[in-house]
Amino acid sequence: MRTLPSFPRLLPGLATSLAALAAALAVPVPASACGGFFCEQVAVDQSAERILFEVHGDGTVTAVIEISYSGEPSGFSWVVPVSDTPTLDVVPGTALRVVDLATAPRIIPPNLDFGDLADDDSVSDDDTYTGDDDVDVEELPQVGPYEPTVVSSEDPAALVDWLNDNGYLVTAEMEPYVDGYVASGMKFLAMKLAPEAGVSDIQPISVTWPGDEPMIPLRLTGVAAEPEMGFIVFVLGEQRYGSSNYATLEVDDDLLRADPRNGWNNYFGLVSWQADQVGGQAFFTEYADDAPTTQDLVWWAPVGGWDDVEESRTWAAEAIGRHPYFTRLYARMSNWEMTQDPMFVPVDGGDVSNVHDLSGHPPVSFDASVTAEVPCAMTYCGLGGRCATTEEGFEGCVCDEGFVGRAIVAPVVGSLGSMETVACQDEDFDLLASLDPGDMPDPCAGVSCGDGTCVALGGFPHCACPDGQAAVGWGGLPACVHAKRTYGPEQLLWPEWDEDAGDDDTADDDAADDDAADDDASGDDPGAPGGCTPGCDAAGPTTPGALALSGLVGLLGARRRR
């Protein structure tokens with residue numbers, strides 16, 4: 001659930017890259033896998049939203065939602081649609097992080113060829129009363145640091161007025177989404193921090209409600225979402241789960257690339273590109289197995305030195321043990337692609353390992369002069385742009401007409417953990433466009449796009465760059481710099497990995513050096529497969545009995561933090 005206290009980018013504080021590497025090295029792998037360098041790489045998206053569902057089989061579903069927030073306690077506000085008045089509880093703070101690290105994809109790279117150097121509980125409900133403007137307001141008892149309220153109305157306009165009057169921001173662009181949830185008969189769970197609570201007291205919240213079909217209300221998440229935002233979904237139930245209205249895919253090991261010399265990997269860029277091949281709405285099954293196997297992963301996963309790690313590990317193991325089967329799903333999508341709420345249902349299929357063993361791929365020469373590093377090996381700009389190399393040594397994005405560059409933090413498999421980069425944002429998508437500019441600070445104030453123009457969208461600065469320039473990330477802000485050469489998304493398959501990639505004048509370049517040539521910019525490549533599991537329906541409806549969870553946010557009244 002993405003809160004929007006002051007329109008910043010909010011990052012869950014997951015393990016550092018060194019902790020992730022330690023986790024990798026602690027897992028037994030074949031001794032010949034990579035000669036003792038990056039013998040395993042852990043794919044951890046530190047900025048992804050994490051949600052855990054328990055499908056109990058008794059007509060109820062529990063969702064555990066990790067809430068990320070930075071700002072003043074008085075500015076915290078959180079809203080999510082629910083099918084009925086829920087039962088609430090709190091969960092140990094790092095519980096979902098433990099599950100994440102335990103089940104994250106692990107990539108065993110190709111071997112290194114050294115040549116001659118080779119050696120070898122429930123909460124009771126208070127009475128419901130009717131507030132003003134035909135809005136039913138149900139005050140629930142305090143749970144952990146939160147003061148929860150459930151509001152509902154048959155009149156969407158009255159509900160919007162109540163939310164705005166009580167410190168939750170709903171713009172004109174958001175109102176159609178609220179109308180849809182109201183028409184489906186859904187209520188809204190709204191929470192603020194108790195007066196005595198601080199930001200450090202924030203914990204994941206457990207929400208149990210009637211229903212049997214988990215669902216994430218993504219349609220309003222676009223308020224705070226950025227391009228290529230990650231979502232991790234854990235489902236505990238009787239069997240494997242997949243999405244009924246999004247494509248359900250698996251990562252193809254034949255398309256994965258991993259460099260054992262430096263830990264680089266194309267995993268996250270490949271996921272984004274494969275999702276865009278099927279319209280941008282897809283969940284990847286990253287892991288699926290029975291409860292005992294998954295519990296073992298939880299108990300043995302090396303995690304960070306968090307104060308509550310043993311409590312979190314115990315909670316996670318017990319929750320997993322309440323159900324026969326565990327499924328982990330992952331998605332990357334941009335805010336304008338969040339046009340329907342993904343729903344999750346039981347699906348046929350066997351277990352899915354989280355280990356991607358590439359040790360059978362051709363060995364990688366230890367000599368870097370023989371096997372050159374590939375430009376734009378991990379950078380994906382979306383279908384609205386192309387990756388570019390620059391004179392400054394940064395990689396950026398040349399965005400198409402109608403798209404502008406936004407600075408983001410992208411996950412990176414291996415030693416880096418995450419990296420500052422940019423992605424191309426659709427200029428036509430802005431759920432805050434109707435706000436009076438005087439209601440919030442100008443996000444472009446103090447932002448220099450060089451020869452480009454700063455564009456404010458969704459409370460964030462973006463750069464519209466002139467021809468021949470690329471948007472890059474500088475200290476969390478975008479800027480425009482000269483582009484040397486551009487690449488289509490097929491560059492994520494590292495086509496130049498087996499040759500010297502140091503010369504910009506390669507055969508597929510249609511211009512000389514420094515001309516930002518467009519190499520295969522269409523991005524159409526039959527090598528990036530996609531597809532739905534049986535039952536995938538891109539027009540599937542949102543049902544009132546489905547889970548209503550983590551994605552909806554932006555309903556708040558706080559200001560943007562500079």
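These remarks concern the structure in this document.

It is worth spelling out the overall build of the protein chain at this point. Check the secondary structure of the protein chain and you find seven helices and 29 strands. Expressed as a percentage of the 562 residues in the protein chain, the buried residues total 60%.

On to a negative patch on the surface, then. A grouping of D134, D136, E154, D155, D161, D165, E175 and D179 is seen on the molecular surface, where their side chains present a negatively charged patch. Where the negative patch is concerned, the elements lending two or more residues are α3 (156–165) and α4 (175–183). Residue position: D136 is located in strand β9 (residues 136–139). D136 gets classed as partly exposed once you look at its relative accessible area, which sits at 30%.

Here the focus is the packing of aromatic side chains. Applying the stated rule across the entire model yields 13 aromatic pairs. Judged by centre distance (5.8 Å) and plane angle (35°), the rings of F234 and F326 are tilted. Here F234 is found in strand β13 (residues 229–237), whereas its partner F326 is found in strand β17 (residues 325–333), with 92 residues between them in sequence. Taken together, the aromatic side chains of F53, Y246, F283 and F344 make up a single cluster linked through ring pairs. Here the basic side chain of R219 rests over the ring of Y181, its NZ or CZ set 4.4 Å away from the ring centre.

With that settled, the discussion passes to the sheet that holds strand β3 (residues 60–65). The strand order across the open sheet built from eight strands is β5-β12-β3-β2-β13-β17-β16-β15, with neighbouring strands paired in mixed fashion. Looking at the sheet topology across the chains shown, the edges are occupied by β5 (87–90) and β15 (247–249). Averaged over neighbouring strand pairs, the angle between their axes works out to 25° when direction is ignored. Looking at chain direction, strand β16 (residues 282–290) and β17 are connected through six bridges and run antiparallel. The residue of β17 that forms the bridge with Y287 is R328. Across the sheet, helix α6 (residues 291–300) lies against β16 and β17, angled at about 95° from β16, the strand it touches most.

In a packed pair of helices, the relevant descriptors are the angle between the two axes and the axis-to-axis distance. At a minimum axis distance of 9 Å, the contact between α6 and helix α7 (residues 309–321) shows a crossing angle of 175°. Relative to α7, the element α6 lies roughly antiparallel. Counted together, A291, T294, Q295, V298, W299 and W300 of α6 and R313, T314, A316, A317, I320 and G321 of α7 form the full contact between these two elements. Grouping the constituent residues of the contact of α6 with α7 by class yields seven nonpolar, four polar and one charged.

Taken as a whole and assessed by the stated rule, the structure comprises six disulfides. Residue pairing for C381: its cysteine sulfur links by disulfide to C397, the two sulfurs lying 2.0 Å apart. Handedness here is read from the sign of the S-S torsion; for C381 and C397, about -90°, the answer is left-handed. Placement of C381 in the loop between β20 (364–365) and β21 (385–390) and of C397 in strand β22 (residues 395–399) is noted, with a sequence separation of 16 residues between them. Exposure class is identical for C381 and C397. Each is buried. A sulfur-sulfur distance of 2.1 Å marks the disulfide that ties C465 to C480. Since a negative S-S torsion denotes a left-handed disulfide, the C465-C480 link at about -85° is left-handed. In this pair, C465 is assigned in the loop between β26 (460–464) and β27 (469–474) and C480 in strand β28 (residues 477–487), connecting sequence segments 15 residues apart. You can call C465 partly exposed: its relative accessible area is 26%.

One pass over the structure, following the stated rule, counts 13 salt bridges. The shortest N-O distance in the salt bridge between D100 and R328 comes to 3.0 Å. Across the pair, exposure class does not vary: D100 and R328 are buried alike. The partner of R219 in a salt bridge is D341, with the nearest N and O atoms 2.9 Å apart.

Although it is not a glycine, C376 adopts a positive phi angle of roughly 55°. Take C376: it is sitting in the loop between β20 and β21. Despite not being glycine, W494 shows a phi value in the positive range, around 55°. Mapping W494 onto the fold places it in the loop between β28 and β29 (517–519). For W494, a relative accessible area of 5% translates into the label buried.

For the rest of this paragraph, the subject is the nonpolar core. Of all hydrophobic cores here, the largest spans 50 residues; its most connected members are Y267 and W315. Elements with a minimum of two residues in this core: α2 (95–103), β13, β15, α5 (267–276), β16, α6, α7 and β17. When sequence neighbours within four positions are dropped, the list of residues in contact with W315 reads L52, V64, V91, P92 and A95. Among the nonpolar cores identified, the runner-up in size contains 41 residues, and A63, F76, V150 and A194 belong to it.

Before going further, it helps to examine the sheet that holds strand β1 (residues 41–42). Ordered by their spatial adjacency, three strands build an open sheet running β1-β6-β19, and the pairing between neighbours is mixed. Of all strands in the sheet, those bounded by a partner on one side alone are β1 and β19 (355–357). With two bridges joining them, β1 and strand β6 (residues 106–108) adopt antiparallel strand pairing. The residue of β6 that forms the bridge with Q41 is I107.

What follows is about the pairing of strand β4 (residues 78–82). Of all five residues making up β4, five are buried, and the element is well covered by its neighbours. The alternating pattern of β4 places W78, V80 and V82 and V79 and P81 on opposite faces, both of which are buried. With five bridges connecting them, β4 and strand β11 (residues 187–193) associate as antiparallel partners. Paired with V79 across the strands is A190, a residue of β11.

Now for the side chain of H356. Structurally, the position occupied by H356 is in strand β19. Setting aside residues up to four positions removed in sequence, H356 forms contacts with P105, R106, I107, I108, V251, D253, L256 and Y267.

In this section: α2. In terms of burial, α2 is largely enclosed, as nine of its nine residues are buried. Listed as buried for α2 are A95, L96, R97, V98, V99, D100, L101, A102 and T103.

At a minimum axis separation of 8 Å, α2 and α7 run at an interaxial angle of 70°. Judged by the inter-axis angle, α2 sits roughly perpendicular to α7. Relative to α7, α2 is oriented so that their crossing is right-handed. Side by side, α2 and α7 meet where A95, V98 and V99 of the first sit next to S312, R313, W315 and A316 of the second. The residue inventory of the contact of α2 with α7, partitioned by class, reads five nonpolar, one polar and one charged.

Conventions we followed
Residues numbered from 1 in each chain as written. Predicted model: local features only at pLDDT ≥ 70, side-chain atom pairs only at ≥ 80, totals over all residues. Heavy atoms only, no water. Helix = DSSP H or I, 4+ residues; strand = E, 2+ residues; numbered from the N terminus. Buried < 20%, exposed > 50% of the residue type's maximum accessible area, 1.4 Å probe, protein only. Patch = residues over 30% accessible without salt bridge, like charges linked within 9 Å, V, L, I, M, F, W, Y side chains within 5 Å. Areas by Shrake-Rupley, 256 points an atom, 1.4 Å probe, with all protein chains shown as cover. Salt bridge = Lys/Arg side-chain N within 4 Å of Asp/Glu carboxyl O. Lys, Arg positive; Asp, Glu negative; His and termini not counted. Charge placed at Lys NZ, Arg CZ, Asp CG, Glu CD. Phe/Tyr/Trp six-rings, centres within 6.5 Å; stacked < 30°, edge-to-face > 60°. Lys NZ or Arg CZ within 6 Å of the ring centre and 35° of its normal. Pairing = 2+ DSSP bridges. Axes fitted to C-alpha atoms, helices over the stretch in contact; angles between N-to-C directions. Contact = heavy atoms within 4.5 Å. Parallel < 35°, antiparallel > 145°, perpendicular 65-115°, else oblique. Nonpolar A, V, L, I, M, F, W, Y, C, P; charged D, E, K, R; others polar. Disulfide = S-S within 2.5 Å. Core = buried A, V, L, I, M, F, W, Y, C linked by side-chain atoms within 4.5 Å. Left-handed = near helix turned anticlockwise from the far one by under 90°.

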